[in-house]
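Notes for the structure review
Letter by letter, the chains look like this.
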Amino acid sequence: MILQNRKGIAALLITGFALSATSCFKDLDTKPLNKNEVTSANVYDNPSAYKGVLAKLYAGLAVSGQQGPVGQPDISGIDEGFSTYLRQYWKAQELTTDEAVIAWNDGNIQDYHQQDWDANNEFIAAMYSRIFYQISLCNEFIRETTDEKLNSRGVTGTLRSEVATYRAEARFLRALSYWHALDMFRNVPFVTENDKVGAFFPRQASAQEVFNYIESELKAIESQLKPPRQNEYGRADQAAAWMLLAKLYLNAQVYIGRERYTDCITYCKKIIDAGYTLEPNYANLFNADNHKAKGAIFSVLFDGRRTQTYGGMTFVCHAAVGGSMNPADFGLDFGWGGTRVTSALVKKFPATGGSVVVAPNPGGNYPVIYVPGSYQNWNPAQARQLASRNNDNTYEGYIFFSAGTEFKFTLGPNWDNNYGDNGADGTLDQNGANIKVNEAGFYKINVNLNNLRYTLLKTTWGLIGSATPGGWGSDQDMTYDPTEGVWRIQLDLTQGEIKFRANDSWDLNYGDDGADAILEQNGANISIPSAGTYLIKLYLSRPNYTYSIERPIFDRRAMFWTKGQSLEIDDISQFTNGFAVTKFTNMRSDGKPGSDKTFVDTDFHMFRIEDAYLMYAEAVLRGGQGGDINTAVSLINRIRERAYGGPAGNITASQLNLDFILDERARELYWECHRRTDLVRFGRFSNTTYLWPWKGGVKAGVSRPQFYDVFPIPNADIGANPNLRQNPGY
């Protein structure tokens, strides 16, 4: 049956029109005994079938088989939801890098991040099978659209012209898959439409041969493809071919040991001059109606009602939601609690400058007592202090204690007068026993030396008020920063008022009576003058409790969910370890969910104009001719001005270097299937001092041998095809 995608290109699912994904290809020209059975021998009797079969080639990047979301899979040996082209490509390009980890332990998926895979890894095998299944589909379509075949069917006129374009697009899709094969596997089995149909063992082509073939194919079809931005959305045009050529040339030094940076610049300039503009809102590139976003050059299409799969963007969107995230906020029915980022990526997004709305008040000097303990080696002179703001022999303050911390109180910076608690009953005893806290936390401590009593209250802090997303009904949780000793939160506020509240209760709250940045219990509401993104800090470690409010200038591409998530990852299997990513969503730009909450409408932009800008700049820095550094800086700053909402993040020519480019590619393109290729090209993937959390299966990261730059050819194919030789190291 043929299903029409909402964006114009049909998604064809034809029962029986499937090819083997092994190295032995079966004859597809056999006439069926049953005249109602659909095969390549009769499918083209219907003139509309040409576009329908072309659509199957495009759908091969998105869906898993002939039925969807399950049933009649294209390839076997792996769960159908796992097996889609894009899902496997995403895992291979992202989970192997500093940009992603996954909580699940399906099969040997963790081998990716640990970088200890071998030739029996089923996910690598699935990627390999997808690539060559896709190539086999393209080959068959190209065989069936030769002049000889079209003449025999009497195809003429407008349809003949259209089929010529379809054929060029099929050749582009085949070149794309051969590029993926070259990039990930290097020396691969090689079959084109010129090989006889039937059972045979494909020969193994060298990386140089595959490179030359991709290059020649893309140049050959350039004039046959539609001009940039003139084809239906989701179909390849000349700009898509130029992008693939630019990527081939940018990585030529890795693939064939010969640089082609000048050629990369040539094709990047073609793309840049083709009239593409940046989508003004970065987030709109990744939502449920991102088919409307500007700057997309080649996209893999998804439709929640018409192209249903548990792979592709359904996987990318669902796997990123878990923990305290509400799936409905992302247009989803459930979160799968799988993928997050490492701190190595998060740290590439520093805030830049900004304006101070309220500065912290240093406060005054008050009588103090000291709190020496195991948290600071029992040294009264260097211990945290409690202050008596009313000079009435009562003292108060906040200290963060780890679980099991013991402490005492001293009246001076020595042990001359010290108090503990012999009965653990809240009564102070001179020279008494150590006081112990069993739970880690940020404790409010009150000491009354008039009646020798003390209290401990464990606190967590939140922001509340009409200016916050939760209004006066619910807190926005703040995060304690032990390095700075402050509670902090960065969030979007509207014009209105706020207060600080402990433990989601009004029992302990602070406002500002004098608008002097000194906080008082039950004090007045604090004004937020205008809507915007604010960084708010709460300082409770000094005698006068105070706060600060800033309007930071930050990179809006840092789309991370931090509530309930730790920055560092102690346990990969726990979704709350590592920041979650909110970049991809099934919500439309108007705030409404996509057409289906299980299967998403969000497309995947495989190529977009920003990548051309970045490739141009990198090729210039690497010595390519025909470009210039000033143009490169201007292109980079176009991207960064969108990210920062103005020129605050702009760079100069002196700041543009290869390290900057690698980090900027991460900031702009994370989770878009570029990172493994980028790290390999920069020599930062293996055999390198560049490490990231849990690389190599070690929390601090460890370097891995260089042969991991290339995946192994699956053992199943090595065993089936005597022409194949395994990649070195495996």
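These numbers were taken from a predicted model, which means no experiment stands behind them.

1. With respect to the overall build of the protein chain
On a plain count of helices and strands, the protein chain comes out with 17 helices and 31 strands. When the backbone C-alpha atoms are referred to their principal axes, the protein chain occupies close to 105 × 50 × 50 Å. Looking at the protein chain residue by residue over its 730 residues, the buried ones come to 58%. The contacts of the protein chain with a sequence gap of at least 6 include a subset with a gap of at least 24, amounting to 67%. In the form shown here, the protein chain has an accessible surface area of approximately 27700 Å², with 47% of it arising from carbon and sulfur atoms. Each charge class in the protein chain was averaged separately, 71 positive and 80 negative side chains, and the resulting centres sit 5 Å apart.

2. Observations regarding the packing of aromatic side chains
Going through the model one piece at a time under the given rule, you end up with 50 aromatic pairs. Measuring from ring centre to ring centre gives 5.3 Å for Phe400 and Tyr480, while their planes differ by 15°; the resulting arrangement is stacked. With a gap of 80 residues between them, Phe400 in strand E11 (residues 394–401) and Tyr480 in strand E21 (residues 479–481) connect regions that are remote in the sequence. Phe400 sits in the partly exposed class, given a relative accessible area of 33%. Measuring from centroid to centroid gives 5.4 Å for Trp461 and Tyr510, while their planes differ by 15°, and the two rings are stacked. With Trp461 in strand E19 (residues 461–464) and Tyr510 in strand E24 (residues 509–511), the pair connects residues that are 49 residues apart, well separated along the chain. Of the residues examined, Trp461 reaches a relative accessible area of 2% and is grouped as buried. Counting every residue linked through ring pairs, the aromatic cluster contains Tyr112, Trp117, Tyr128, Phe132, Tyr178, Phe185, Phe190, Tyr213, Phe707, Tyr708, Phe711 and Tyr730. The side chain of Arg622 reaches across the aromatic face of Phe682, ending 4.6 Å from its centre. Positioned above the aromatic ring of Phe660, the side-chain terminus of Arg667 is 5.4 Å from the ring centre.

3. A few points about the nonpolar core
Counting 158 residues, the largest nonpolar core has Phe172 and Phe298 as the members making the most contacts within it. The biggest single contributor to this core is helix H6 (residues 157–185), with 14 residues. Those residues within four positions of Phe172 in sequence are excluded, and the remaining contacts are Leu218, Ile221, Ala236, Ala240, Ala241, Leu244, Phe298 and Phe607.

4. Re the side chain of Asp611
Residue placement: Asp611 occurs in helix H13 (residues 609–621). Residue classification places Asp611 among the buried residues on the basis of a relative accessible area of 1%. Beyond its immediate sequence surroundings of up to four residues, Asp611 is in contact with Met243, Lys247, Arg665, Leu669 and His674.

5. A few points about helix H2 (residues 85–95)
With eleven of its eleven residues buried, H2 lies for the most part within the structure. For H2, the full list of buried residues reads Tyr85, Leu86, Arg87, Gln88, Tyr89, Trp90, Lys91, Ala92, Gln93, Glu94 and Leu95.

6. Some words on the side chain of Thr459
On the secondary structure map, Thr459 appears in strand E18 (residues 453–459). According to the relative accessible area criterion, Thr459 is buried, its value standing at 2%.

7. Side note on the pattern of salt bridges
In a structure, side chains of opposite charge can pair up when their charged atoms sit close to one another. According to the stated counting rule, one finds 48 salt bridges in the structure shown. Residue Lys292 is joined to Asp289 by a salt bridge in which the shortest nitrogen-to-oxygen separation is 3.1 Å. Of the residues examined, Asp289 reaches a relative accessible area of 7% and is grouped as buried. The shortest N-O distance in the salt bridge between Asp678 and Arg665 comes to 2.8 Å. Of this pair, Asp678 sits in helix H16 (residues 675–681) while Arg665 sits in helix H15 (residues 658–669), placing them 13 residues apart in sequence. As far as burial versus exposure is concerned, Asp678 and Arg665 are alike and both buried. Three or more residues are tied together by salt bridges with common partners; here these are Asp555, Arg557, Lys583, Arg608, Glu610, Arg640, Arg642, Glu664, Arg667, Glu668 and Glu672.

8. Concerning unusual backbone geometry
Positive phi outside glycine occurs at Ala424, with the angle close to 50°. One can find Ala424 in the loop between strand E14 (414–420) and strand E15 (429–430). Judged by its relative accessible area of 68%, Ala424 falls in the exposed class. For Asn431, which is not a glycine, the phi torsion comes out positive at approximately 60°. Checked against the element boundaries, Asn431 lands in the loop between E15 and strand E16 (435–436).

9. So, helix H1 (residues 49–59)
Of all the eleven residues making up H1, ten are buried; the element is thus mostly covered by neighbouring parts of the structure. Within the span of H1, buried status applies to Ala49, Tyr50, Gly52, Val53, Leu54, Ala55, Lys56, Leu57, Tyr58 and Ala59.

10. Comments concerning the pairing of strand E31 (residues 604–608)
In regular strands, side chains alternate between the two faces of the sheet. With five of its five residues buried, E31 lies for the most part within the structure. With four bridges joining them, strand E6 (residues 296–300) and E31 adopt antiparallel strand pairing. Within the sheet, the bridge partner assigned to Phe298 lies in E31 and is Phe607.

11. Considerations on the packing of H13 against helix H14 (residues 629–644)
For any two helices packed against each other, the geometry comes down to the angle between their axes and how far apart the axes lie. Their axes nearest at 9 Å, the elements H13 and H14 cross at an angle of 145°. Relative to H14, the crossing made by H13 is left-handed. Together, Glu610, Tyr613, Leu614, Tyr616, Ala617, Val620 and Leu621 of H13 and Ile629, Thr631, Ala632, Leu635, Ile636, Arg638, Ile639 and Arg642 of H14 make up the contact between the two elements. Split into classes, the residues belonging to the contact of H13 with H14 amount to eleven nonpolar, one polar and three charged.

12. Quick word on the packing of H2 against helix H11 (residues 312–319)
Axis separation between H2 and H11 bottoms out at 6 Å; the angle between their running directions is 50°. Between H2 and H11, the crossing angle belongs to the class labelled oblique. In this structure, H2 uses Leu86, Arg87, Trp90 and Lys91 to contact H11, whose residues at the interface are Gly312, Met313, Phe315 and Val316. Taken together, the residues that form the contact of H2 with H11 break down as five nonpolar, one polar and two charged.

13. Quick notes on the environment of Val486
Structurally, Val486 is set in strand E22 (residues 486–493). Other than its neighbours up to four places away in sequence, Val486 contacts Thr479, Tyr480, Asp481, Lys537, Leu538 and Tyr539.

14. Here's the deal with the state of the cysteines
Summed over all chains, the structure comprises zero disulfides. Cys138 forms no disulfide, and the closest cysteine sulfur to it belongs to Cys673, at a distance of 18 Å. Taking the relative accessible area as the measure of exposure, Cys138 reaches 0% and is therefore buried. Cys673 forms no disulfide, and the closest cysteine sulfur to it belongs to Cys317, at a distance of 13 Å.

15. Structural notes on the confidence of the model for the protein chain
For the protein chain, the mean per-residue pLDDT works out to 91, and 92% of the residues sit at or above 70. The model gives residues 1–34 a pLDDT under 50, and that stretch makes 110 contacts with residues more than four places away or in other chains.

16. A closer look at the environment of Gln238
One can find Gln238 in helix H8 (residues 238–250). Residues Gln238 and Gln224 lie 14 residues apart in sequence; the distance between their C-alpha atoms is 8.4 Å. Beyond its immediate stretch of four places on either side in the chain, Gln238 contacts Glu222, Ser223, Leu225, Lys226, Pro227 and Pro228.

Procedures and definitions
Residues numbered from 1 in each chain as written. Predicted model: local features only at pLDDT ≥ 70, side-chain atom pairs only at ≥ 80, totals over all residues. Heavy atoms only, no water. Helix = DSSP H or I, 4+ residues; strand = E, 2+ residues; numbered from the N terminus. Buried < 20%, exposed > 50% of the residue type's maximum accessible area, 1.4 Å probe, protein only. Contact = heavy atoms within 4.5 Å. Areas by Shrake-Rupley, 256 points an atom, 1.4 Å probe, with all protein chains shown as cover. Lys, Arg positive; Asp, Glu negative; His and termini not counted. Charge placed at Lys NZ, Arg CZ, Asp CG, Glu CD. Phe/Tyr/Trp six-rings, centres within 6.5 Å; stacked < 30°, edge-to-face > 60°. Lys NZ or Arg CZ within 6 Å of the ring centre and 35° of its normal. Core = buried A, V, L, I, M, F, W, Y, C linked by side-chain atoms within 4.5 Å. Salt bridge = Lys/Arg side-chain N within 4 Å of Asp/Glu carboxyl O. Pairing = 2+ DSSP bridges. Axes fitted to C-alpha atoms, helices over the stretch in contact; angles between N-to-C directions. Left-handed = near helix turned anticlockwise from the far one by under 90°. Nonpolar A, V, L, I, M, F, W, Y, C, P; charged D, E, K, R; others polar. Parallel < 35°, antiparallel > 145°, perpendicular 65-115°, else oblique. Disulfide = S-S within 2.5 Å. pLDDT = per-residue confidence, 0-100.

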